[in-house]
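# Secondary and tertiary structure notes
Listed below are the residues making up each chain.
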Amino acid sequence: MDRDAHPAVYASGSSLKRKGFQDLEGADTFKSLKDKKIRADDQEGMAKKTAVKALAAAYAEDYRRVAVPDDRPFVGALPKVLRKPQIATPADTARQTAIVCKTVTRLIETATQGVHIIFAHDAKPSKAARQILDVATDESTSKGAPVIVSLALDWMQTVPLVEAPKRPETTKRLLFYIGTPGKYLSMCIQSVRGRFDQAYKDDRLVVLCKGVCMLPLGTQEENIYGVDEVVILQTIASAAQKKGKVFWGHGAGTKASLMQKSYGYPLAEPMPKPLAFSGDAGGSVNSFDYFVEYVKYTNLVKQAKPALPVTNWYDTGLLVSVMQGRVAQAGVSLLTDQDGLSMLRDASIGHIISKLNQMIAVEPFSTSKGVYNFFIGDGACRLNGGVELTMHLMEGYKAQCMTTLFIFNNHKWAIEDNLVAETEKEHVLYNADFYDLISEHGHVAVCENDLELRETIAYLSKKTDLYLQGKAPPGISMVVVRGLDVEMPPVLGDISPILKSSEMAFMREVLGKFAEGCQHKIPIYGCSAFEYIQYLHIFMEQMPEGKMFQYVCGRTDIQAAHMCGFTQPEGKCVLFINDVYGINSIGESLRAVLSGFGGKQLLVMIWHPSVVQLMDHFHLHRPPMVWPSLGPELCKYYVRKESDALFVEFEGRSNAQHVTSKVTEALGAGTPLVCVNVLPEQERDYVSLDIRVKAC
């Protein structure tokens, strides 16, 4: 960049020395910090650090893949693994909807402990949802009421709140959840999963999503697919109102404020004062407290400017997740929107970078006044070109909104390391001075400690205030946060089932044969590894066959898929992928492997998660209660004759010997493509019974 053309961007006469923002007067925002100190944690500070570690441990535990015994009996509701699309016809939908309507009406009529209906945010557009919310009374307590309605915790994250509303205690009621739950989202916002789990265990849980419904049917919970969610919700609302008076569940006198914030324009409250911090940092104040205060400030700004777009978006990753947990624990709304909730349900790293691009490049978002904040981890940002895109948007667009990107720069990008008790070298983010190169830019601040972090937070709140007064220009800022990390013990669990599993035996036999006679180690390519990281790590570290392989982690699933199509040291390689992200760009490699007259051989192993808890029905990256398995079907589009490929499904102990024999035979014969779909436990060794339910 030309310094003369952009003088405000550079600190005068410096050489990679300035770290703070350049304020409106051209001064470094960190200039006043020389006499400040960071005190050691006191008792309150230590307690907060312990709470942060607990959040981090819970986050890692959610990703741990458990080796479920092959003989575990599965009954009741289970996610449907779709090998091919299944789309209900109108006739099928009518029958399945009638079954659900008949069942929920009977459940409501016979619910002696009462009914509790919770509306998730994506139910907000529903006329039936709005109607029953409108008729609910909040003139008195809902205790003992026949029907209670309330807003789900995800809905609360989309309205400005600095104090969490009361949650109704309904531990014995028939529980309806209208909308889409999310495993990762529920962890981030500290949702009470125990209520779901208990209601499921008691056969009194109904979850209605678009096109699918979980409900008690007979003596257990079941999933019914292809339903009309609008008709079912109308039935639920009608039956609930017939049962008795509907009460608002968030406490007497609270309905008007929440409904106005959700559906209308509440009266504006006074504009908050910009944040200011005095004295030394540390002591009783944890690093995450400053983010809690900043998010709280954005909520107060939204309350003061109801018509102004003020939105925060959060990416997937350890530090961002812990930050959200601390915000939720403080009773403060994340202040996100429907897109923000969708991205948290999907838990796709780097998703918010695409949202940042949209907000700056698409009218009327870019041409309207607004305050936007994006929070992302180091790996997710680097792997999705976040910094490059942000600098591009700074220089190439003149958006009228005030936008800030926060990057947690801790040089890591994989939570999988906590699942295997050590840092994989492939997951380390080297080039630690990467961000130093852009720190000279006047719109970039690099915070090395809590003093600099709180000063930056305070400056941004002051700049927001001036921007809304028309005294500061719009634009994009970038905040690089260093020194913020979480120590936590690895979440290993009992690894003996993995050591003894049929999957491990299969890997040892098949991969061992695949590498026989090779002078060089065979590459195993992969990236998003939650579904298989523990199996792969144990294979590579503890099994003799693992010494014949080298694991190469792509920076993205696309890169991993690309690499498996190139020329390999021994003409062969392995690709480990999951059933969703892993299929990205595999087509390019399949074309490369299956073109020409030989010389390449690829073994693809597709992995799935396990059903360990109820929330696995609402797993990240997947539609509610459905697990698509696209990989094998996609691969078949690139194969012209049977002798060029083998497609098998690994079902654990029941067919391990047969599949092992077929795969080793195909690899030994030089078959160019071998695709093994490692089915999840609920798809193995089962008998599908012909159970019929009358629709009317």
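Residues numbered from 1 in each chain as written. Predicted model: local features only at pLDDT ≥ 70, side-chain atom pairs only at ≥ 80, totals over all residues. Heavy atoms only, no water.

This part takes up the nonpolar core. One broad rule of soluble globular proteins: the nonpolar side chains tend to lie buried together. Counting 100 residues, the largest nonpolar core has Ile 117, Phe 119, Phe 176 and Phe 375 as the members making the most contacts within it. Broken down by element, this core gets its largest block of residues, 8 residues, from helix α9 (residues 287–304). If we ignore the near neighbours within four places in the chain, the residues touching Phe 119 are Ala 129, Ile 132, Leu 133, Val 149, Ser 150, Leu 151, Ala 152, Trp 155, Ile 178 and Leu 233. Among the nonpolar cores identified, the runner-up in size contains 38 residues, and Ile 498, Leu 511, Phe 514 and Val 659 belong to it. (Core = buried A, V, L, I, M, F, W, Y, C linked by side-chain atoms within 4.5 Å. Buried < 20%, exposed > 50% of the residue type's maximum accessible area, 1.4 Å probe, protein only. Helix = DSSP H or I, 4+ residues; strand = E, 2+ residues; numbered from the N terminus. Contact = heavy atoms within 4.5 Å.)

Turning next to the sheet that holds strand β6 (residues 205–209). Spatial ordering of the open sheet is given by β8-β7-β6-β5-β3-β4-β9, a layout of 7 strands whose pairing is mixed. The strands lining the two open edges of the sheet, one partner per strand, are β8 (220–225) and β9 (246–248). Neighbour to neighbour, the strand axes of the sheet diverge by 20 degrees on average, direction disregarded. Note that strand β3 (residues 115–119) and strand β5 (residues 174–178) share 5 bridges and pair parallel. Within β5, the position partnered with Val 115 by the bridge is Leu 174. (Pairing = 2+ DSSP bridges. Axes fitted to C-alpha atoms, helices over the stretch in contact; angles between N-to-C directions.)

Here we come to the packing of α9 against helix α10 (residues 318–329). Contact geometry for α9 and α10: axes closest at 9 Å, N-to-C directions at 60 degrees. Here α9 runs over α10; the crossing is right-handed. Packed against α9, whose contacting residues are Phe 288, Asp 289, Phe 291, Val 292 and Val 295, the element α10 presents Leu 319, Val 322, Met 323, Arg 326 and Val 327 at the interface. In terms of residue class, the contact of α9 with α10 is built from 8 nonpolar, no polar and 2 charged. (Left-handed = near helix turned anticlockwise from the far one by under 90°. Nonpolar A, V, L, I, M, F, W, Y, C, P; charged D, E, K, R; others polar.)

An order of β11-β12-β13-β15-β14 is seen for the 5 strands of this open sheet, with the pairing classed as parallel. The sheet is open, and its two borders are formed by β11 (310–314) and β14 (444–447), each paired with just one other strand. Within this sheet the neighbouring strands show an average axis-to-axis angle of 15 degrees, counted without direction. Relative to strand β15 (residues 475–481), β14 is paired through 4 bridges, and the arrangement is parallel. Following the sheet pairing, Cys 447 is matched in β15 by Val 481. With respect to the sheet, helix α15 (residues 450–468) is in contact with β12 (371–377), β13 (402–408), β14 and β15, its orientation differing from that of β13 by roughly 165 degrees.

Before going further, it helps to spend a moment on unusual backbone geometry. In this structure, the amide linkage connecting Glu 363 to the following residue, Pro 364, adopts the cis form with an omega of 5 degrees. Relative to the assigned elements, Pro 364 resides in the loop between α12 (351–361) and β12. Of note in this structure, Gln 190 is not a glycine but carries a positive phi near 60 degrees. Residue placement: Gln 190 occurs in the loop between α5 (183–188) and α6 (193–201). Residues other than glycine seldom take positive phi values, yet Leu 335 does so here, at roughly 55 degrees. For Leu 335, the location among the structural elements is in the loop between α10 and α11 (338–346). According to the relative accessible area criterion, Leu 335 is buried, its value standing at 2%.

Moving on, we get to the confidence of the model for the protein. Overall, the predicted model of the protein reaches an average pLDDT of 89, with 91% of residues at or above 70. By mean pLDDT, the top-scoring element of the protein is β11 (98), and the lowest-scoring one is helix α1 (residues 43–63) (82). This model gives residues 1–16 a pLDDT under 50, and the stretch forms 25 contacts once residues within four places in sequence are excluded. (pLDDT = per-residue confidence, 0-100.)

A separate point is the packing of aromatic side chains. Scanning the entire structure with this criterion turns up 18 aromatic pairs. Both rings, one in Tyr 177 and one in Phe 196, keep their centres 5.2 Å apart while their planes meet at 85 degrees; by these two values the pair is edge-to-face. Here Phe 196 lies in helix α6 and Tyr 177 lies in strand β5, a separation of 19 residues in the sequence. Phe 196 matches Tyr 177 in its accessibility class, with the two residues each being buried. Judged by centre distance (5.9 Å) and plane angle (75 degrees), the rings of Phe 291 and Phe 406 are edge-to-face. (Phe/Tyr/Trp six-rings, centres within 6.5 Å; stacked < 30°, edge-to-face > 60°.)

What follows concerns helix α18 (residues 533–542). Within α18, 8 of the 10 residues are buried, which leaves it mostly tucked inside the rest of the structure. Among all positions of α18, only Ile 533, Gln 534, Tyr 535, Leu 536, His 537, Ile 538, Phe 539 and Met 540 are buried. Check the buried side of α18 and you find it contacts α16 (496–499), α17 (502–514), β16 (522–526), β17 (549–553), β18 (572–578) and β19 (601–607).

Glancing now at the environment of Glu 222. As for its position among the elements, Glu 222 is in strand β8. Separated by 145 residues in the primary sequence, Glu 222 and Ala 77 place their C-alpha atoms 4.0 Å from one another. Of the polar contacts made by the side chain of Glu 222, one reaches the side chain of Gln 220; its length is 2.6 Å. (Polar contact = N/O pair within 3.5 Å; in protein donor to acceptor, adjacent residues only side chain to side chain.)

This part covers the pattern of salt bridges. Per the counting criterion, the structure on display carries 21 salt bridges. Asp 202 is the salt-bridge partner of Arg 204, the closest N and O atoms lying 3.3 Å from each other. Take Arg 204: its relative accessible area is 10%, and that puts it in the buried class. Between Glu 503 and Arg 684 there is a salt bridge, and its shortest N-O distance comes to 2.7 Å. On the criterion of sequence distance, the pair formed by Glu 503 in helix α17 and Arg 684 in the segment after β22 (673–678) is long-range, its members being 181 residues apart. The network of salt bridges with shared partners includes Glu 44, Lys 48 and Asp 289. (Salt bridge = Lys/Arg side-chain N within 4 Å of Asp/Glu carboxyl O.)

Structurally, Glu 642 is set in the loop between α21 (631–636) and β21 (645–650). Each C-alpha atom of the pair Glu 642 and Thr 671 lies 9.6 Å from the other, and the pair is 29 residues apart in sequence.

The subject of this paragraph is the environment of Leu 341. Secondary-structure assignment places Leu 341 in helix α11. Overall, the relative accessible area of 1% leaves Leu 341 in the buried class. Residues Leu 341 and Trp 313 lie 28 residues apart in sequence; the distance between their C-alpha atoms is 8.7 Å. Setting aside its immediate chain neighbours within four residues, Leu 341 contacts His 121, Asp 154, Gln 157, Thr 158, Leu 185 and Thr 336.

Turning our attention to the pairing of β13. Counting buried positions over the 7 residues of β13 gives 7, a clear majority of the element. Residues of β13 alternate between two faces, with Met 402, Thr 404, Phe 406 and Phe 408 on one and Thr 403, Leu 405 and Ile 407 on the opposite face, all of them buried. Both β12 and β13 contribute to a ladder of 7 bridges, which runs parallel. Across the sheet, the residue bridging to Phe 374 is Leu 405, located in β13. Two strands pair when backbone bridges link them, and β13 and β15 are joined in this way by 7 bridges, in the parallel orientation. Its bridge partner being in β15, Ile 407 is matched across the sheet by Val 480.

Below, the discussion takes up the pairing of β22. Counting buried residues along β22, 6 of its 6 residues qualify, which places the element largely inside the surrounding structure. Because side chains alternate across β22, one face comprises the buried residues Leu 673, Cys 675 and Asn 677, and the other comprises Val 674, Val 676 and Val 678, equally buried. By the bridge criterion, 5 bridges tie β19 to β22 in an arrangement that is parallel. Pairing of Ile 606 across the sheet is with Asn 677, part of β22. Summarising the sheet, β21 and β22 pair through 6 bridges and their orientation is parallel. Within β22, the residue paired with Ala 645 across the bridge is Leu 673. Handedness of the crossover joining β21 and β22 through helix α22 (residues 656–668) is recorded here as right-handed. (Right-handed = clockwise from strand over helix to strand, strands pointing away.)

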